[in-house]
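For reference, the chains in residue letters:
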Amino acid sequence: TTTTTTVPAGGDPEGTRSPTEQTYEIQGGDSLGKIAALYDITLEQLINYNQFPDGANQLILPGDTIRIPPDALVPGTATDTDTGTDTGTDSGGDDGDDGGDDGDAGVGCTHTIVEGENPSKVANQYDITTEELFAANPGGVMDNFLIGDTLNIPANGTCD
């Protein structure tokens, strides 16, 4: 997934918290939970700041721009919550390896939730524990396990 982040003039360094609002352009495969995790904010913070009338069920489409509240993380390679996909040029939409092993905390691949899945089923599919799945997906995405959301699969998962 390609992430587009706009930071104020003189921008804040990656991995720090921005005292000002940031913007994010929605890419294919994005979910509100994934975006919240990227910026190390809660799903509730993202929803409230953008005043989404449908809450976590707000329809977001590629090309839409949403606002990221002040004090959110400036995403980039310097973050310890790095998804491994925020600076790449991957076209997104596939469940393949992102090409990098970021260690135990890294992301091996991504998974898009489909009908009938639950955290245990997804964890079993990638030969990881549900705890590892939850740890790889901070920011509330696991609280709203919604069809179409994209999950990070830890690097120790089997991402064939």
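The structure presented is a predicted model; accordingly, all values stated were derived computationally and were not measured.

Focus: the overall build of the protein chain
Each helix and strand counted, the protein chain has four helices and five strands in total. For the protein chain, the N- to C-terminal ordering of α and β elements is β-β-α-α-β-β-α-α-β. Relative to its 160 residues, the protein chain shows a buried fraction of 42%. Across the protein chain, the fraction of contacts at a sequence separation of at least 24, relative to all contacts at a separation of at least 6, is 61%. Surface accessibility of the protein chain: about 8,000 Å² in total, with carbon and sulfur atoms responsible for 47%.

Things to note about unusual backbone geometry
Residue D71 is not a glycine yet carries a positive backbone phi of 75 degrees. Along the chain, D71 turns up in the loop between β3 (65-68) and β4 (107-112). Even without being a glycine, D127 presents a positive backbone phi close to 55 degrees.

Considering the nonpolar core
Membership of the largest hydrophobic core comes to 16 residues, with the highest contact counts inside it found for Y24, I35, Y39, L46, I66 and I68. At the level of elements, α1 (32-38), α2 (43-50) and β3 are the ones that each hand at least two residues to this core. Broken down by element, the residue count for this core peaks at four residues, all from α1. Apart from the residues within four sequence positions on either side, I68 is in contact with E21, Q22, T23, Y24, I35, Y39, I41, L46 and Y49. Grouped together as the second largest cluster of nonpolar side chains are 11 residues, A123, I128, M142 and C159 included.

Criteria and cut-off values
Residues numbered from 1 in each chain as written. Predicted model: local features only at pLDDT ≥ 70, side-chain atom pairs only at ≥ 80, totals over all residues. Heavy atoms only, no water. Helix = DSSP H or I, 4+ residues; strand = E, 2+ residues; numbered from the N terminus. Buried < 20%, exposed > 50% of the residue type's maximum accessible area, 1.4 Å probe, protein only. Contact = heavy atoms within 4.5 Å. Areas by Shrake-Rupley, 256 points an atom, 1.4 Å probe, with all protein chains shown as cover. Core = buried A, V, L, I, M, F, W, Y, C linked by side-chain atoms within 4.5 Å.

So yeah, pure geometry; function would need other evidence.
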